[in-house]
Protein chains: 2
Amino acid sequence: MYPNWILQRAYLTPNRIGLTFEGESWSFEQLKQISVTRAYQLTSLGIEEGSRVAIMGQNHPRLIFMILACMHLKCEMVLLNRKLSKEELDYQIKDAKVSVVIVDEEDEHLLPQKVNKLPFLKVEESHETPIEISEQWTLDQTTSIMYTSGTTGYPKGVRQTVGNHKESAVSSVLNIGLSEEDVWLCAVPIFHISGFSILIRSLLYGNEVKLYRKFDTEGTISDISTGRITHISVVAVMLERILHGLEEKGLEASPKFKLALAGGGPIPKNYLLRAQKVKLSVSQTYGMTETSSQTATLSNEDALRKLGSSGKPLFFNQIKIADTNEPFVEGEILIRGPHVTPGYIGQFEHKNSTVDGWLHTGDIGYIDDEGYLYVVDRRTDLIISGGENIYPAEIEGVLMAHPAVKEAGVCGIEDTTWGQVPIAFIVLNESVRKEELLDYCIGHLAKYKVPKEVYFVEQLPRNGSNKLMRRKLKELIH
Amino acid sequence: MYPNWILQRAYLTPNRIGLTFEGESWSFEQLKQISVTRAYQLTSLGIEEGSRVAIMGQNHPRLIFMILACMHLKCEMVLLNRKLSKEELDYQIKDAKVSVVIVDEEDEHLLPQKVNKLPFLKVEESHETPIEISEQWTLDQTTSIMYTSGTTGYPKGVRQTVGNHKESAVSSVLNIGLSEEDVWLCAVPIFHISGFSILIRSLLYGNEVKLYRKFDTEGTISDISTGRITHISVVAVMLERILHGLEEKGLEASPKFKLALAGGGPIPKNYLLRAQKVKLSVSQTYGMTETSSQTATLSNEDALRKLGSSGKPLFFNQIKIADTNEPFVEGEILIRGPHVTPGYIGQFEHKNSTVDGWLHTGDIGYIDDEGYLYVVDRRTDLIISGGENIYPAEIEGVLMAHPAVKEAGVCGIEDTTWGQVPIAFIVLNESVRKEELLDYCIGHLAKYKVPKEVYFVEQLPRNGSNKLMRRKLKELIH
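Residues numbered from 1 in each chain as written. Chains lettered and ligands numbered in written order. Predicted model: local features only at pLDDT ≥ 70, side-chain atom pairs only at ≥ 80, totals over all residues. Heavy atoms only, no water.

- Going by what an unreviewed UniProt entry lists, chain A is known as 2-succinylbenzoate--CoA ligase and is assigned to Ureibacillus massiliensis 4400831 = CIP 108448 = CCUG 49529.
- According to UniProt, the comment filed for chain A under the heading Function (unreviewed entry) is "Converts 2-succinylbenzoate (OSB) to 2-succinylbenzoyl-CoA (OSB-CoA)."
- The Sequence similarities (unreviewed entry) field of the UniProt record for chain A holds the comment "Belongs to the ATP-dependent AMP-binding enzyme family. MenE subfamily." (UniProt positions renumbered as here; feature names shortened; annotations may be inferred.)

This is the structure we're talking about:
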């Protein structure tokens, strides 16, 4: 038995600030009170304890209150990604068999018409039906469900339990430490595990979350340079904008700032070098929906020595490469630990998520002779050309090292001779000729890896957490 | 499945210092290597994986290496208190049915003669039999066993599992925070949970333990005032000496020093006021063998506002008062959480340690209107002397075994040095000298349990059902 985290946090540190948003703040006691009220209101609208509901909304305190209310009711919350198409959302809502989608009014138009919607406002204005809020939670209780495509192409609804979230949070703290003064900036979406896990950590750690509606370079630079925040979760493109902003203004990270936790793929070397110059500590992490966020993290001290690595597992986690114990041998990355999902819902409910406790990630990687993990590529993006494996990330890394290149995305296209060949999409910093870029690649890559075509584009397709969606690159060709 | 903590810590941070003792230091990699060697040596001497052994020794790296080796072998380690009498040790060794006592040569003379002893030196000089060290641990595996008398007077061997130790350590870190630079001074005995838990936290946190053979005021003052250490576990008598030392030398705690964690009974107000003056942060804690150390802790900020309180539970722990939900109503303190022992060994193996998950501590207390715990009286008149638990029933049992003694009653009185010391009240059968009775006690009890004074009385205070009322004993002193 574990105490209800929201009640326990309000009991232990009622007056500490738990949430700040656009200048307004809420203590943990206030968060408790509002979330209990919302739970009473949801109850009066027919939401039962333990039922499965979907939630959709932009990063906003109203979304947080609604999530906490669902946690009081032990609901299984399907967190919908508001960047998806109606068709994709329809699939998830049907697969999860949710009774209702609790939705921010502003997002209602994003949902398919036939869906049973419960707008936030209707909840907030509802009568209250006081019920006894569960004071006891169990580790196997499902808190959240997030859909992820994984290796199959068909999105699977991944269960994230109380135990998964707890172990993720405590493993993280053993790695990066904790102080009462910590403030974590959340500019990644709450509907992704990167954002949701910030919320969970705040309950367990008793720390303030500074919530952004969406990523805002100016505000973030100010928060980092003044020490208003101590931690931030970023993906590469956000990091680049932060670095660019600090450089442009001649600013540095405050000594109070502790860590930018960078997920969603490798960070180019030149970002790390630039981060060093502006005194911004960066830890790269390897995590996924199925592991309720981080599994491995590379410490800032190792960032340059172990360039491209995702580091070592967090304390209670284990990583191995399938079918090998040898260093530097590539294979599928397997993960074991108390943070690994017990399984899926919907059509994949009976699919085993693990074998002997090991999650088969579908990602390819190796472990070096000091035990550092290198993720070579996410399996689904693999390009096979003339029998040779090509990993887009590798080509993108080379391209992004060129001064003229701001962002790069690589994918494969069909080729009658080779099966597939790689092509590249580039967002430029400054003007450059294609030939120069290709020459640059020839100097850094095996010939078969050099892109067969280069397209200059305005922006790259990214998902809600700003992660590059390589499969959408081809649509940029006209 | 959880990774073997010693191997995992050495994998994650091989070069960090894990242990320092009298000027010599060991990295986590070195601790791993030495402990694996010791495990091989123990194997060659017939110690099998999963077997139950006893360990006895003073605070010393050799003891740590032996403990870590036993952890590799998943042994159930009975940690013997080296202050106990031969008779007391004999009881524990027999009750636990251990095959062998692994013992520091210097402590061999403290053991009963017939016991099967395996001196440290013999292990250290033994051949090695390499075996496969278990890389996987489970939460229900028993790591350590410590004897505590509890309410019965008969010492019970308390199981402390991998899960108990893990949850204790992670709950503690959520309360007091963590930084890579943390160094915890261990001057309390490793055979007590207060010391053993420092060792466990070091493995999970990756922090240095500065080990003292025994408490040394001069050294500790220097460590605190120079910032050589950040944390220390103390009992009241140690805290007083530290304060006195700092005051005498006109020193203050370094800003790097974070916390003195004070267990084993309440801290007098004037200690707290003096601590404030020398900038020494003190957190009082309420814990016991059955909860693998801390259950509740009072933060330094609350120390004076909530004088006499033991604070609030750690995040994953729960506390309630039996048969009441009202503030300020006294009753038995009940504790629930993943840090609570699953039960006992030996003659109490079949005794339930909990009811509905709640440990019945036997301690009396109340919770105030803000949720702070106050321990009013320790279980069955427990006397705490210099951090050691003394159970009156045990001393009374020894006294009553003397032919001249008809009845005996024991209670504690205040003592400026030790907090409390035991005194005895005797109704005689026949004339006997006090000295003879005390000599008799010395032969059967640990020295700290021997009554500091003996009073001969006509009769003992008893209630209607003829039960001894120990709290009224003091009134017999004129």
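**Observations concerning the sheet that holds strand β6 (residues 101-103) of chain B**
Residues and elements named next belong to chain B.
Here comes step 1: Taken in spatial order, the 7 strands of this open sheet run β7-β6-β4-β5-β9-β10-β20, and their pairing is mixed. With one partner strand each, in any of the chains shown, β7 (117-119) and β20 (344-345) form the two edges of the open sheet.
Here comes step 2: With 6 bridges joining them, strand β9 (residues 142-148) and strand β10 (residues 156-161) adopt antiparallel strand pairing. Across the sheet, residue T142 finds its bridge partner in β10, namely T161.
Here comes step 3: Running at roughly 65 degrees to β10, helix α6 (residues 162-176) makes contact with β9 and β10 of the sheet. (Pairing = 2+ DSSP bridges. Helix = DSSP H or I, 4+ residues; strand = E, 2+ residues; numbered from the N terminus. Contact = heavy atoms within 4.5 Å. Axes fitted to C-alpha atoms, helices over the stretch in contact; angles between N-to-C directions.)

**Digging into the domain arrangement of chain A**
All names here are of chain A.
Here comes step 1: Its domain assignment divides chain A into domain 1 (2-137), domain 2 (165-379) and domain 3 (382-476).
Here comes step 2: If you average the C-alpha positions of domain 2 and of domain 3, the two centres end up 24 Å apart.
Here comes step 3: Contacts between domain 2 and domain 3 engage 19 residues on the former and 14 residues on the latter.
Here comes step 4: Of the roughly 1,300 Å² buried between domain 2 and domain 3, counting both surfaces, carbon and sulfur atoms make up 56%.
Here comes step 5: Joining domain 2 to domain 3, the criterion identifies 0 salt bridges. (Domains from an automatic or database assignment. Buried area = accessible area lost by both parts, 1.4 Å probe. Salt bridge = Lys/Arg side-chain N within 4 Å of Asp/Glu carboxyl O.)

**Section: the nonpolar core**
Here comes step 1: Formed by 202 residues in total, the largest nonpolar core has its most connected members in L280 of chain A together with L280 of chain B.
Here comes step 2: Beyond its immediate sequence surroundings of up to four residues, L280 of chain A is in contact with I224, L239, I242, L243, A253, F257, A275 and N300 of chain A.
Here comes step 3: Counting residues in hydrophobic clusters, the runner-up holds 35 residues, among them L89, Y147, L437 and Y448 of chain B. (Core = buried A, V, L, I, M, F, W, Y, C linked by side-chain atoms within 4.5 Å. Buried < 20%, exposed > 50% of the residue type's maximum accessible area, 1.4 Å probe, protein only.)

**Comments concerning unusual backbone geometry**
Residues and elements named next belong to chain A.
Here comes step 1: Although it is not a glycine, K97 adopts a positive phi angle of roughly 50 degrees.
Here comes step 2: Judged by relative accessible area, K97 falls into the exposed class, the value being 69%.
Here comes step 3: Within the chain, S292 stands out as a residue other than glycine whose phi angle is a positive 45 degrees.
Here comes step 4: Look at S292 and you get buried, because its relative accessible area is 1%.

**Observations concerning the packing of aromatic side chains**
Here comes step 1: Enumeration over the complete set of coordinates arrives at 16 aromatic pairs over all chains.
Here comes step 2: Measuring from ring centre to ring centre gives 5.3 Å for W5 of chain B and W137 of chain B, while their planes differ by 55 degrees; the resulting arrangement is tilted. Placement of the pair is W5 of chain B in helix α1 (residues 5-12) and W137 of chain B in strand β8 (residues 136-137), with a sequence separation of 132 residues.
Here comes step 3: On the basis of relative accessible area, W137 of chain B is assigned to the buried category, the value being 2%.
Here comes step 4: By the ring-pair criterion, three or more aromatic residues cluster together here, those being Y2 of chain A together with F315 and F316 of chain B. (Phe/Tyr/Trp six-rings, centres within 6.5 Å; stacked < 30°, edge-to-face > 60°.)

**A look at the side chain of T361 of chain A**
Residue and element names in this part refer to chain A.
Here comes step 1: With respect to the secondary-structure elements, T361 resides in strand β22 (residues 358-367).
Here comes step 2: Among the polar contacts made by the side chain of T361, one reaches the main-chain carbonyl oxygen of I333 at a distance of 2.7 Å.
Here comes step 3: A distance of 3.0 Å separates a polar side-chain atom of T361 from the backbone nitrogen of D363. (Polar contact = N/O pair within 3.5 Å; in protein donor to acceptor, adjacent residues only side chain to side chain.)

**Looking at the interface of chain B and chain A**
Here comes step 1: Taken together, the contact between chain B and chain A spans 33 residues of the former and 33 residues of the latter.
Here comes step 2: Carbon and sulfur atoms make up 58% of the area that chain B and chain A hide from each other, which totals about 3,000 Å².
Here comes step 3: Residue K166 of chain A pairs with E167 of chain B through a salt bridge whose shortest N-O separation is 2.6 Å.
Here comes step 4: The tally of links from chain B across to chain A stands at 19 residue pairs in polar contact (both at pLDDT 80 or more).
Here comes step 5: Where the side of chain B that touches chain A is concerned, the elements lending two or more residues are β1 (2-3), α1, α6, α7 (193-205) and β17 (312-313) of chain B.

**Section: the environment of G57 of chain A**
Here comes step 1: Its place among the elements puts G57 of chain A in the loop between β4 (52-56) and α3 (61-72).
Here comes step 2: In this structure, G57 of chain A is in contact with L63, R82, D104, D107 and F191 of chain A, ignoring residues within four places of it in sequence.

**Side note on the pairing of strand β15 (residues 282-288) of chain B**
Residues and elements named next belong to chain B.
Here comes step 1: Taking burial as the measure, the 7 residues of β15 include 6 buried ones, the bulk of the element.
Here comes step 2: When strand β14 (residues 259-263) meets β15, the two strands line up parallel, connected through 3 bridges. Within β15, the residue paired with A260 across the bridge is V282.
Here comes step 3: In this fold, β14 hands off to helix α10 (residues 269-277), which returns the chain to β15; that crossover is right-handed.
Here comes step 4: Across 5 bridges, β15 lies against strand β16 (residues 293-298) in antiparallel orientation. By the bridge assignment, G287 is partnered in β16 with Q294.
Here comes step 5: From the end of β15 to the start of β16, which pair antiparallel, there are 4 residues, and S292 there has a positive phi angle of about 45 degrees. (Right-handed = clockwise from strand over helix to strand, strands pointing away.)

**Side note on the pairing of β14 of chain B**
All names here are of chain B.
Here comes step 1: Counting buried positions along β14 gives 5 out of 5 residues, so the element sits mostly inside the fold.
Here comes step 2: Residues of β14 alternate between two faces, with L259, L261 and G263 on one and A260 and A262 on the opposite face, all of them buried.
Here comes step 3: Two strands pair when backbone bridges link them, and strand β13 (residues 231-235) and β14 are joined in this way by 5 bridges, in the parallel orientation. The residue of β14 that forms the bridge with V235 is G263.
Here comes step 4: With helix α9 (residues 236-249) bridging β13 and the parallel β14, this β-α-β connection has right-handed handedness.

**Some details on α10 of chain B**
All names here are of chain B.
Here comes step 1: Taken residue by residue, α10 has Y271, L272, R274 and A275 as its buried positions. The arc that holds every buried residue of α10, seen down its axis, measures 165 degrees, which confines them to one face. In α10, those exposed residues whose orientation departs by more than 90 degrees from the buried face are Q276 and K277.
Here comes step 2: Structurally, α10 contributes buried residues whose contacts are with α9 and β15. (Arc of directions from axis to C-beta.)

**Description of the side chain of T43 of chain A**
Here comes step 1: Considering the arrangement of structural elements, one finds T43 of chain A in helix α2 (residues 28-44).
Here comes step 2: When near neighbours in sequence (up to four residues on either side) are disregarded, T43 of chain A contacts L73, T129 and I131 of chain A.

**Re the sheet that holds β4 of chain A**
All names here are of chain A.
Here comes step 1: Taken together, 7 strands build an open sheet; the order of strands is β7-β6-β4-β5-β9-β10-β20 and the sheet is mixed. Where the open sheet ends on each side, the last strands, each with one partner, are β7 (117-119) and β20 (344-345).
Here comes step 2: Strand contacts of helix α4 (residues 86-96): β4, β5 (76-79), β6 (101-103), β9 (142-148) and β20, with the helix running at about 140 degrees to β9, the strand carrying the most contacts.

**Some points on the packing of helix α3 (residues 61-72) of chain B against α7 of chain B**
Between two packed helices, the angle of one axis relative to the other and the distance separating the axes together describe the packing.
All names here are of chain B.
Here comes step 1: Interhelical geometry of α3 versus α7 gives an angle of 65 degrees and a closest axis separation of 12 Å. With respect to each other, α3 and α7 are oriented roughly perpendicular. Pair α3 / α7 crosses with right-handed handedness. Listed contacts from α7 to I64, I67, L68 and M71 of α3 are F196, L199, I200 and L203. (Parallel < 35°, antiparallel > 145°, perpendicular 65-115°, else oblique. Left-handed = near helix turned anticlockwise from the far one by under 90°.)

**Description of the pattern of salt bridges**
Side chains that differ in sign of charge can pair as their charged atoms come close.
Here comes step 1: One pass over the structure, following the stated rule, counts 56 salt bridges over all chains.
Here comes step 2: For E208 of chain B, the salt bridge is made with R228 of chain B, and the minimal N-O distance between the two is 2.7 Å. Within this pair, whereas E208 of chain B is found in strand β12 (residues 208-211), its partner R228 of chain B is found in the loop between α8 (217-226) and β13, the two being separated by 20 residues in sequence.
Here comes step 3: For E208 of chain B, a relative accessible area of 12% translates into the label buried.
Here comes step 4: Given the relative accessible area of 31%, R228 of chain B is considered partly exposed.
Here comes step 5: Several salt bridges converge on common partners, so that one network encompasses D302, R305, K306, D368 and E370 of chain A.

**Quick look at the environment of G362 of chain B**
Here comes step 1: Relative to the helices and strands, G362 of chain B is located in strand β22 (residues 358-367).
Here comes step 2: The spacing of G362 of chain B and L334 of chain B is 28 residues in sequence and 8.3 Å in space, taken between C-alpha atoms.

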